[in-house]
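# Chains, contacts and geometry: an overview
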Amino acid sequence: MTIIFVSSEVYPFQKHGGLADISASLPKTLTQKGLKVKSILPLYEDDTFQDDYQLFKKKTIQFGQESIETEYYTYTFEDHEYLFVKNSLLSSLDPNETFLTYLMFNVSVLSILKDLDMSINIIHINDWHTAFIPFLLDAMFRPVDPFYENIKTLLTIHNLERQGQFDRSYETYLPYKNFTYILNGHINFLKTGIMRANYINTVSKTYKQEILLRFYGFDLDSALKARQDHLEGILNGFDHHLYDPTTSSTLSINYDIDTYEDGKSINKKALIESLDLEDASLPLMLFNGRLGRQKGIDLMKSTLEDTLLNENMNLIVVGEGDSKYESYFKELERKYPKHVHFHEGFNKTFSEKAYAASDFFLLPSLFEPSGLNHLIAMRYGSLPIVRATGGLKDTVFNEGPNQNGFTFVNYDEEEFHDVFLEALRMYYDKDPLLEEKIKHAMQVTSHLEDMADSYISLYQKVLEDE
Ligand code: GLC
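These remarks concern the structure in this document. (Residues numbered from 1 in each chain as written. Predicted model: local features only at pLDDT ≥ 70, side-chain atom pairs only at ≥ 80, totals over all residues. Heavy atoms only, no water.)

## Here's the deal with the packing of helix H2 (residues 99-112) against helix H3 (residues 133-141)
Each pair of packed helices can be described by the angle between their axes along with the distance between the axes. Applied cut-off: Inter-axis angles, ranging from 0 to 180 degrees, are taken between N-to-C directions of lines fitted to C-alpha atoms, where helices are fitted over the stretch in contact. Strands are runs of DSSP state E lasting at least 2 residues, helices are runs of H or I lasting at least 4, and numbering of each runs from the N terminus. Working rule for angles: under 35 degrees goes down as roughly parallel, over 145 as roughly antiparallel, 65 to 115 as roughly perpendicular, anything else as oblique. Crossing chirality is assigned from the near helix's rotation relative to the far helix, an anticlockwise turn below a right angle marking it left-handed and a clockwise turn marking it right-handed. Here, residues are in contact when the closest pair of their heavy atoms is within 4.5 Å. In this count, Pro and Cys sit with the nonpolar residues alongside Ala, Val, Leu, Ile, Met, Phe, Trp and Tyr, while Asp, Glu, Lys and Arg are called charged and the others, Gly among them, polar.
Here H2 crosses H3 at 60°, and the two axes come no closer than 10 Å. In terms of orientation, H2 lies oblique with respect to H3. The hand of the H2/H3 crossing is right-handed. Within the contact between the two elements, H2 uses Leu103, Asn106, Val107, Val109, Leu110 and Ser111 and H3 uses Ile133, Leu136, Leu137, Met140 and Phe141. Grouping the constituent residues of the contact of H2 with H3 by class yields nine nonpolar, two polar and no charged.

This is how it looks when you write it as structure tokens:
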């Protein structure tokens, strides 16, 4: 089976969020399982690997009245083949993308496929940046070239909130008018993908159900309902080779499920000291992720501030995103310099140290398609405090024989407050249940193999789709 995997971000070339992690680990795992997979992604100006890329082809991509010089580069990294698309529109992965930037990226992807010298079964696209591909395939490529006739498409939704919405005046760029790309009077990339891809999936079973509801659907619930019989949920996995407390060379000391008590406390002491925070005997809370509304930061504010005021914890925050949240955590750090550290930006080395040092991992999301970082935290023995939604609901359990963290149900400050205080109480009381939770948490599996196997079964269905 031959798959073209298209994504706007792939770690380590470019990373804004979890999409980059999955776009790295899934194709690699599929290749290891014997599929032929090639990844196609944009070449952004700040890509630090680009000196090593090899020019593969130059093309002038014609599109309606527009034409753009496009260069394609190849690069093999960790035994996986990447093809980078470079043109003057694709400067950086920032939130101000224009219609033409990603429309031309989508056209460029389809335009190069024939030059790859392989027969292609499926184009696996991800999120809105790639979601016009099925429409363009139908409108521009299939009608004129039999090479494209039987190529199928799968759209994976990692983020339903960002949809690529543009003014309808851009319709003049499209080969013909069609209702499938319109939502609320705008051209909508993600809706186009939902309506036109052979199959759609999202990244957990619970989230797959949730997005059919108005609250979680971001106006796409109707479109998703219309495609419900071609919609699946596959839980994300994380790359267990990249995150392993028993072998990682970044930690002060390695540890496993039998030695975590000493292991974690040595790592904690080292990190607290190196950051000039006070008192390693306090519980250490960690938030590590994209700083966006989705992640439930607003819900935590009053509880975090009360706890800091009473000097009952230390807090480390790692991430970047909306400036209002960045300013918030900068301010919190200024106010409580002995108990708060804000590390702006994504940094794997620092993240690992923080996973190992922390006691609890905060992710009380408003919505969460899958979530990856809480799984990594669990492997390092840091207990997740999460809202039971999306992928968090499928992986974190508050009660029962497999309990491995703390959950609450409603997006409600008081519910968060109560479960947060319960976690602190357990820590201070040295409650034996905490040890049980940690041991279960540390046994979290990466799901990487299961995830790849589920995608292979889904690809099979996609191929059979009429
Ligand atoms: C997005 C989602 C997150 C998911 C990731 C990778 O960042 O918010 O839940 O884990 O994509 O699929």
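Past the structure itself, the notes keep going.
## Examining the environment of Leu136
Within the secondary structure, Leu136 is located in helix H3. When residues no more than four places from it in sequence are discounted, the contact partners of Leu136 are Phe63, Leu103, Asn106, Val107, Leu110 and Phe141.

## Description of the sheet that holds strand S8 (residues 165-166)
Here is the rule we go by: Any two strands are treated as partners once DSSP identifies two or more bridges connecting them.
In spatial order, the strands read S8-S10-S9; together these three strands make up an open sheet with antiparallel pairing. The open sheet is flanked by S8 and strand S9 (182-183), the only strands paired with a single partner. The pairing of S9 with strand S10 (residues 186-188) spans two bridges and is antiparallel. Note that in S10 the partner of Ile182 across the bridge is Ile187. Sheet strands in contact with helix H4 (residues 189-196) are S8, S9 and S10, and its direction is about 55° off that of S10.

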